[in-house]
Amino acid sequence: MTDQAQDRVYIFDTTLRDGEQSPGATMTHDEKLEIAELLEDMGVDIIEAGFPIASEGDFKAVKDIAERSKETVICGLARAQIPDIDRCWEAVKHAPRPRIHTFIGTSPLHRAIPNLTMDEMADRIHETVTHARNLCDNVQWSPMDATRTEWDYLCRVVEIAIKAGATTINIPDTVGYTAPRESADLIKRLIEAVPGADEIIFATHCHNDLGMATANALAAVEGGARQIECTINGLGERAGNTALEEVVMALKTRGDIMPFFTEIDTKKIMHISRRVSTVSGFPVQFNKAIVGKNAFAHESGIHQDGMLKNAETFEIMRPEDVGLSATNLVMGKHSGRAALRAKLKDLGVDVGDNQLKDIFVRFKELADRKKEVYDEDILALVTATMAGEQANHLEIVSLKVICGTGGPAEAVLEMEVGGQEMSADEFGDGPVDATFKAVRKLYPNKARLQLYQVNAVTEGTDAQATVSVRLEEDGKIATGQSADTDTVVASARAYVNALNRLHVRRSKTGGDVKEISYKDVG
Ligand code: KIV
Ligand code: ZN
């Protein structure tokens, strides 16, 4: 196939499907649209936007993303069942370039779930791929748990899918079981053994259970795969999927030994990584490759000395190449709105006039309290402002906390609930506990706190704290974030943001709750 000869590797992003499926990573409709837009803007070739039959919410997200898309292929997932495939087509057909992705588990353990014999499953694959291809000329087929499927059977079903019209064959390592050499070999042997294999694209889809997802995906490319399935920040079920930023930067940095290229605009990586972390409520570990807070930090004396003499001493990539600006120190209290707009543009953040006005107000407040305002501070402000904007059933009016050694903390909170101002005075085991109790007093709810996390955005005792709160209520999950130099204020705002989001979800029917799982294949 010509594309394979050119050594282009297509990037298939499944943050909105496999990533969003990971427990607790649920995104709202608007967040999914925003992430899809950022992915397209970054140059992702194929976006797997969701699993349309799973819920009304998933269907609408895939359809809306398809309608807004321009160049990127928009793909939806469907089990090997006719109603799934029809529903998927209904959602993706609105895209200029739609794709149906249908799959079935082919390993012995997965075959046992629908209780199909090998022959029955082969017939099902023929029937469903043919059906998909009659609807759409771009069809991807996956034998789920391919890496634990018997070799002869895998060759047989891949051949059936190709003959039935699949244009991409994806080979998933569903449980993160394979290892690099095996991953390369599997693709290479399939291309050699299966008739028609040289007419289609092979894809690799790796999970990270043994920490080998990136290595396995790159090895599969060496074996002949030309599509990598991945997610931003490696988001995904259990230990996650191959991280987009890792494979893309590995191919870019080591082109000398891996002569392949992608069309990703790598300068957009940091921004989308931060947005995905924020909307999913999944923080990026500090030492995460490429996008971790420490990935380009050099603290030890010997490293700093080397860096000052020649950045290449300890850096194999330039921070600018992934969207980190070289000079991090930014504006102070004398900076104006135009400077803020220019800075935001530099950071890859595109905001409207109203949003800029709100961010500017918070920026001024921060600059009054904090001597040095860094890029990270500004990005935290953007996130906090956007989170606060989304719904405002609850609005904090004022908060005072009294705490110290040897006694409980006291929180005095004034809050608007549905436009009505109320106040509460509560005691708790520390200032955050007292504050959350005061919020619950004014807005009784049965949401369970699943995650409470505090990170310092920059160094110093005047650093802003970013707080993430994840709540669960009757299967609905909502996350809230905020940032402030006062950790308790950031905590209160993050908690209230999450409650506001739950409030919105509660009042919607159909919401984002998945009705079925992609594993219920039968
Ligand atoms: O991990 C997996 O096997 C999947 C399939 C649905 C492609 O996500
Ligand atoms: Zn997967």
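These lines cover the structure that appears in this document, whether it is placed above or below.

### Side note on the side chain of E473
Item 1. Along the chain, E473 turns up in strand β13 (residues 465–473).
Item 2. Excluding its chain neighbours within four sequence positions, the residues that come into contact with E473 are N445, K446, A447, L502 and R506.

### With respect to the packing of aromatic side chains
Item 1. All told, the structure shown has 3 aromatic pairs when counted by the stated rule.
Item 2. Ring centres of F436 and Y452 lie 5.9 Å apart, and the angle between their planes is 85 degrees; on these two criteria the pair is classed as edge-to-face. Linking F436 in helix α17 (residues 431–442) with Y452 in strand β12 (residues 448–456), this pair joins segments that are 16 residues apart in sequence.
Item 3. Ring centres 4.1 Å apart and planes at 15 degrees place the aromatic pair F436 and Y495 in the stacked group. Within this pair, whereas F436 is found in helix α17, its partner Y495 is found in helix α18 (residues 487–507), the two being separated by 59 residues in sequence. Assigned by exposure class, F436 and Y495 land together as buried.
Item 4. These aromatic residues form a ring-pair network of at least three members: F436, Y452 and Y495.

### Side note on the sheet that holds β13
Item 1. Taken in spatial order, the 3 strands line up as β12-β13-β14 in an open sheet, and their pairing is antiparallel. Two strands lie at the open edges of the sheet, namely β12 and β14 (476–484), each paired on one side alone. Strand-to-strand, the axes of this sheet are offset by a mean angle of 15 degrees, without reference to chain direction.
Item 2. For β12 and β13, the ladder comprises 8 bridges, and the chain directions are antiparallel. Of the residues in β13, the one forming a bridge with L449 is L471.

### Observations concerning the coordination of the zinc ion (ligand 2)
Item 1. Only D18 (OD), H205 (NE2) and H207 (NE2) from the protein coordinate the zinc ion (ligand 2), and they sit 2.0 to 2.2 Å from it.
Item 2. Coordination of the zinc ion (ligand 2) draws on donor residues from a single chain, spaced D-x186-H-x1-H in sequence. Exposure class is identical for H205 and H207. Each is buried.

### What to know about the environment of E48
Item 1. The topology assignment puts E48 in strand β2 (residues 46–50).
Item 2. Here E48 falls in the buried class, since its relative accessible area comes to 0%.
Item 3. Distance in space between the C-alpha atoms of E48 and H101 is 8.5 Å, their sequence separation being 53 residues.
Item 4. When neighbours within four sequence positions are excluded, E48 is seen to be in contact with F12, D13, T14, L16, R17, C75, L77 and H101.
Item 5. Side chain to side chain, E48 and T14 meet in a polar contact 2.8 Å long.

### Considerations on helix α3 (residues 29–42)
Item 1. Between the first and last C-alpha of α3 there are 20 Å, a value that for 14 residues agrees with the 20 Å anticipated at 1.5 Å per step.
Item 2. Counting buried residues along α3, 10 of its 14 residues qualify, which places the element largely inside the surrounding structure.
Item 3. Of the residues one or two after α3, G43 is the one with positive phi, at around 100 degrees.

### Topic: helix α5 (residues 82–92)
Item 1. Taken residue by residue, α5 has D84, I85, C88, W89, A91 and V92 as its buried positions. For α5, the angular spread of buried residues about the axis comes to 160 degrees, placing them on one side.
Item 2. Check the buried side of α5 and you find it contacts α4 (56–68), β3 (73–79), β4 (98–105) and α7 (118–135).

Definitions and cut-offs
- Residues numbered from 1 in each chain as written.
- Chains lettered and ligands numbered in written order.
- Predicted model: local features only at pLDDT ≥ 70, side-chain atom pairs only at ≥ 80, totals over all residues.
- Heavy atoms only, no water.
- Helix = DSSP H or I, 4+ residues; strand = E, 2+ residues; numbered from the N terminus.
- Contact = heavy atoms within 4.5 Å.
- Phe/Tyr/Trp six-rings, centres within 6.5 Å; stacked < 30°, edge-to-face > 60°.
- Buried < 20%, exposed > 50% of the residue type's maximum accessible area, 1.4 Å probe, protein only.
- Pairing = 2+ DSSP bridges.
- Axes fitted to C-alpha atoms, helices over the stretch in contact; angles between N-to-C directions.
- Donors = N, O, S within 2.8 Å, 3.2 Å for Na, K, Ca; no water.
- Polar contact = N/O pair within 3.5 Å; in protein donor to acceptor, adjacent residues only side chain to side chain.
- Expected span 1.5 Å × (residues − 1).
- Arc of directions from axis to C-beta.

Distances and angles like these do not, on their own, reveal function.
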